Amino acid sequence: MNILNNAEKRTYGAIVIGSGMAGGWAAKEFCDKGIKTLVLERGRKVTHNEDYPTTLLSPWEMEHRGQLTKQEIDENPIISKCYAFREDAKHFFVKDAEHPYIQDKPFDWIRGYQTGGKSLLWARQTQRWSQLDFDGPARDGFAVPWPITYKEIDPWYSYVEHFAGISGNKDGLDSLPDGDFLPPMELTCVEKHFQKEMKRLYSDRHVIIGRCAHLTEPRDIHIQQGRGTCLGRNLCQRGCPYGGYFSANSSTLPWAAKTGNMTLRTDSVVHSIIYDEQKQKAVGVRVVDAHTKEMVEYYAKVIFVTAAAINTNLILLNSKSSRFPNGLGNDSGLLGTHIAFHNYRASLSAEYEGYLDYKTAGGRPNSGYIPRFRNLYKQETNFLRGYAAGMSGGRGTHADQSSVGESLKNSLLNPKWSNWYAGSHMMGETIPKESNKVTLDATKKDAWGMPLLHMDVSYDNNDDLMVKDFIDQFTEMYEKAGFKNIKTRDSHAPAGLDIHEMGGVRMGSDPKTSLLNKWNQMHHVKNVFVTDGACMTSTSTQNPSLTYMAFTARAVDYAVKEMKKGNL
Ligand SMILES: Cc1cc2nc3c(=O)[nH]c(=O)nc-3n(C[C@H](O)[C@H](O)[C@H](O)COP(=O)(O)OP(=O)(O)OC[C@H]3O[C@@H](n4cnc5c(N)ncnc54)[C@H](O)[C@@H]3O)c2cc1C
Ligand code: SF4
C-alpha cells in the first residue's frame with residue numbers, strides 16, 4: 001500500500017463515492033455550499049459532449065446499423081437483455097466478463113461504470129412518491145416503517161425538479177403528487193383514446209403522459225447549465241449534444257466543477273471506508289487505481305456513499321474494522337439484506353383498428369403512464385401492494401419484402417401504414433425480504449482486490465400473483481377500450497432487468513432494525529451517509545431516481561449544517 005506522505009493534499013471537506021445520478025447531486029450540493037469535495041469514480045472519464053462518440057451518427061454510419069453482433073450477444077448474455085445495450089450505446093455498459101459476480105440465484109445486474117454512471121443511459125421517467133407509498137410498510141406490515149413523510153421530502157422534490165428540468169402534466173392524483181413541471185409532452189391519439197375510455201369505465205384508473213427529465217421549455221437555470229430544448233431525437237442513451245435530458249454529465253457535475261470546489265478522480269475504485277476507533281467515526285477511504293492497482297487513502301470530514309445500490313452494499317460490507325467486523329455500521333447484522341427491485345415481468349401488446357387517418361411523426365422520448373390503482377387505500381387483492389404501468393400507442397410502416405428486383409425496390413420505397421399498435425408493461429412493487437441479500441465471498445477477489453459479490457435475490461409468490469393480476473386487469477382494460485389482437489406475456493426473467501435495485505442499507509427509526517436514520521445518516525457512524533437506492537426501505541412502484549436525487553440534496557443540506565455545528 002502506498003500511503004503518500006502528503007496527507008493534507010489528500011484531505012477534503014467531503015468525499016462522494018460514485019459520480020452517477022446520486023453522486024452528481026451530492027457533488028453539486030456540497031460544492032454550492034462551499035465544501036471542497038472529492039468525487040471518486042471507478043470508471044473512465046466521460047465529459048459531456050466530448051465523449052459521446054455516436055451522438056450524431058446516422059444508422060448507416062454505424063458498422064452494424066445500430067445492432068449488436070452475434071459475438072457481442074454471445075459474450076454478454078446478461079446485458080444484451082437490456083434494450084439500450086446496442087451498437088450506439090454499448091460503450092456505456094459494463095460488459096459481463098469485465099466485472100463478474102456470483103449469482104447464487106440468477107440476477108441480471110446492469111451497470112455503467114463511468115463519469116455519470118447510469119444517468120447517461122436511463123429512460124428519464126421521474127415520478128414522485130406519495131404519502132401512500134411511504135405508509136406502505138407500516139400499513140401492510142412488511143419491512144420497517146419509513147422514518148420520513150411525504151411532507152418532509154416534498155420541498156426537496158421541487159428543488160431537484162426545478163434544477164433537473166422535469167416535463168409533466170399536473171394531473172391532481174393522490175397517488176402521484178404533481179411537481180414543479182415544465183410543459184408536458186403529448187399523448188398520441190390512441191393513447192388519448194385509452195385515456196378517455198379508462199376515465200369512462202373506471203373511477204380509479206388514469207392514463208397520463210409520463211413525467212420525464214427532458215427540457216421541453218428550458219428555464220434560465222437550465223440555460224445557465226448550458227443545456228437546451230429537447231428536440232425529440234429519441235437517441236438519448238448516446239448522450240445528448242443539447243443537454244436535452246438530465247444526466248450528471250450534462251447538469252450536476254459541470255455545475256459542481258464551475259464552483260472550483262470539486263475534484264473529480266476517475267479510474268479510482270473505492271475499496272473500503274476507513275473507520276477510526278478512537279474518533280469513533282470514518283476518516284477517509286481506501287482507493288485502488290483502476291490501472292496501476294496502487295492503493296491510496298483520501299480523507300474527509302463526511303463521506304457520501306452513492307456507488308449505486310449494490311456497489312454501495314459491497315463497499316460497506318468490505319469496510320471491516322475491529323469495531324465493525326461485519327461491515328461498516330452493521331451492528332444490526334442487516335447490511336446487505338432486504339434487497340428489493342421492481343417487478344417488470346409482464347407486458348401486453350394490442351392493435352387498434354381506428355384512427356387510420358392519423359399517423360405519428362418524429363420521436364417522442366417518453367410514453368404514457370398509468371399510476372398504481374391496486375391496494376392504494378386498503379388491501380383488496382390476494383397480493384400485497386400494486387403496480388404502475390407504461391402505456392404507449394404508435395403507428396409504423398411495413399413493406400412487402402417477398403419479391404425481388406424492381407418490385408422489391410418499389411415496395412421498400414412505398415411502405416404501407418400499419419394499424420395503430422399499443423402496449424403496456426408492468427412496474428410492480430416487490431416486498432423487501434431478509435432472504436433477498438448480497439454477501440461477500442470469503443476468498444475470491446476481483447482484479448482490484450475487492451471480494452466477489454454473491455447475489456441471492458429472486459421473485460416470490462407475491463410477485464407471481466401480481467403478474468397474474470396485471471395480465472387479467474390489463475387484458476380487460478384493453479378489451480373494453482376496443483383493442484384487438486391482444487397478446488400478453490410473462491417474461492419469467494430473473495430479477496434485475498428493471499435496473500431499479502434497492503435496499504441493503506435501509507432507513508428506519510430503530511438502529512436495531514435499520515442502518516440509516518431519517519437523514520440518510522448511518523445510525524452508528526454519523527459522518528457516513530447513503531443516499532442511493534441502497535437506502536430504500538421499500539420500493540413503491542415509481543421509477544426511483546428522482547427520489548434518490550431528492551434524498552441526496554436533503555441529506556447534504558443536513559450534513560453541512562451538522563458540519564457547521566461541529567457535530568460531524
Ligand atoms: C437503460 C436504463 C433505463 C433506466 N430508466 C430509468 C428511468 O426511466 N427512471 C429512473 O428513475 N431510473 C431509471 N434507470 C435507473 C437509473 O439509471 C438509476 O436508478 C440511477 O442511475 C441510480 O443512480 P446511482 O447514483 O445510484 O447509480 P449510478 O448512476 O449507476 O452511479 C453510480 C456510480 O458509482 C460508480 N461506482 C460504483 N462502485 C464504485 C466504487 N467502488 N468506487 C468508485 N465508484 C464506484 C459507478 O461507476 C457509477 O458511475 C434506468 C437505468 C438504465 C440502465
Ligand atoms: S430526445 Fe431530446 S434529450 Fe434525447 S437525444 Fe434527443 S434532443 Fe436529446
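> How would you summarise the packing of helix α1 (residues 21-32) against helix α4 (residues 150-164) if you had to cite specific residues and measurements?
Where α1 contacts α4, the axes come no closer than 13 Å and their chain directions differ by 95°. The angle between the axes of α1 and α4 places the two elements in the roughly perpendicular class. Along the contact surface, α1 presents W25, K28 and E29, while α4 presents Y159, V160 and F163. Residue composition of the contact of α1 with α4, grouped by class: four nonpolar, no polar and two charged.

> An account of helix α11 (residues 545-564) is requested, with residue identities and associated values reported.
With 20 residues, α11 ought to run about 28 Å at 1.5 Å a step, and its terminal C-alpha atoms sit 29 Å apart, in line with that. The buried fraction of α11 is high, at 18 of 20 residues.

> Pulling in residues and values, what's your account of empty space enclosed by the protein?
Where empty space is left can be seen by rolling a probe of water-molecule size over the atoms. Throughout the structure, instances matching the rule amount to three cavities of 30 Å³ or more. Together, 16 residues line the largest cavity, and H99, P100, R111, L314 and D446 are the ones closest to its centre. Where the lining of the largest cavity is concerned, the elements lending two or more residues are α8 (309-317) and β18 (451-456). Per element, the largest residue contribution to the lining of the largest cavity is three residues, and it comes from β18. In this structure, the second largest cavity encloses a volume near 90 Å³. Forming the boundary of the second largest cavity are 13 residues, of which C230, R233, N234, C236 and C240 lie nearest the centre. Looking at the lining of the second largest cavity residue by residue, the class counts come to eight nonpolar, four polar and one charged.

> Break down the environment of A550 for me, citing the residues and quoting the values.
Positionally, A550 belongs in helix α11. For A550, a relative accessible area of 0% gives the class buried. Spatially, the C-alpha atoms of A550 and R128 are 9.6 Å apart, while their sequence positions differ by 422 residues.

> Describe the sheet that holds strand β3 (residues 102-103), listing the residues and the values that go with them.
Spatial strand order, β3-β18-β17: three strands in an open sheet with mixed pairing. Either end of the sheet is taken by a strand with one partner, and the two such strands are β3 and β17 (437-445). Relative to β18, β17 runs antiparallel, the two being bridged by five bridges. Following the sheet pairing, L440 is matched in β18 by L453. In the packing of α8 onto the sheet, the strands contacted are β17 and β18, and the crossing angle to β17 comes to about 55°.

> Outline the site of ligand 1, supporting the account with residue identities and numerical values.
Lining the immediate environment of ligand 1, one finds 35 residues, of which A22, E41, A123, V270 and S545 sit closest. One of the side-chain N or O atoms of E41 is found 2.6 Å from an oxygen atom in ligand 1. One nitrogen or oxygen atom from the main chain of A123 is found 2.8 Å from a nitrogen atom belonging to ligand 1. Relative to its unbound accessible surface of 990 Å², ligand 1 loses 97% to contact with the protein. Mapped onto the shell around ligand 1, the elements with two or more residues apiece are α1, β8 (268-276), α8 and α11. If you tally residues by element for the shell around ligand 1, the top one is β8, at three residues. Along the lines of polarity and charge, the residues of the shell around ligand 1 split into 16 nonpolar, 14 polar and five charged.

Rules of the game
- Residues numbered from 1 in each chain as written.
- Chains lettered and ligands numbered in written order.
- Predicted model: local features only at pLDDT ≥ 70, side-chain atom pairs only at ≥ 80, totals over all residues.
- Heavy atoms only, no water.
- Axes fitted to C-alpha atoms, helices over the stretch in contact; angles between N-to-C directions.
- Helix = DSSP H or I, 4+ residues; strand = E, 2+ residues; numbered from the N terminus.
- Parallel < 35°, antiparallel > 145°, perpendicular 65-115°, else oblique.
- Contact = heavy atoms within 4.5 Å.
- Nonpolar A, V, L, I, M, F, W, Y, C, P; charged D, E, K, R; others polar.
- Expected span 1.5 Å × (residues − 1).
- Buried < 20%, exposed > 50% of the residue type's maximum accessible area, 1.4 Å probe, protein only.
- 1 Å grid on protein atoms, 1.4 Å probe; cavity = no way out; pocket = protein on both sides within 12 Å on 5 of 7 lines; lining within 4 Å.
- Points joined across faces, edges and corners; volume = space filled by probe spheres on them.
- Pairing = 2+ DSSP bridges.
- Near = heavy atom within 4 Å.
- Polar contact = N/O pair within 3.5 Å; in protein donor to acceptor, adjacent residues only side chain to side chain.
- Areas by Shrake-Rupley, 256 points an atom, 1.4 Å probe, with all protein chains shown as cover.

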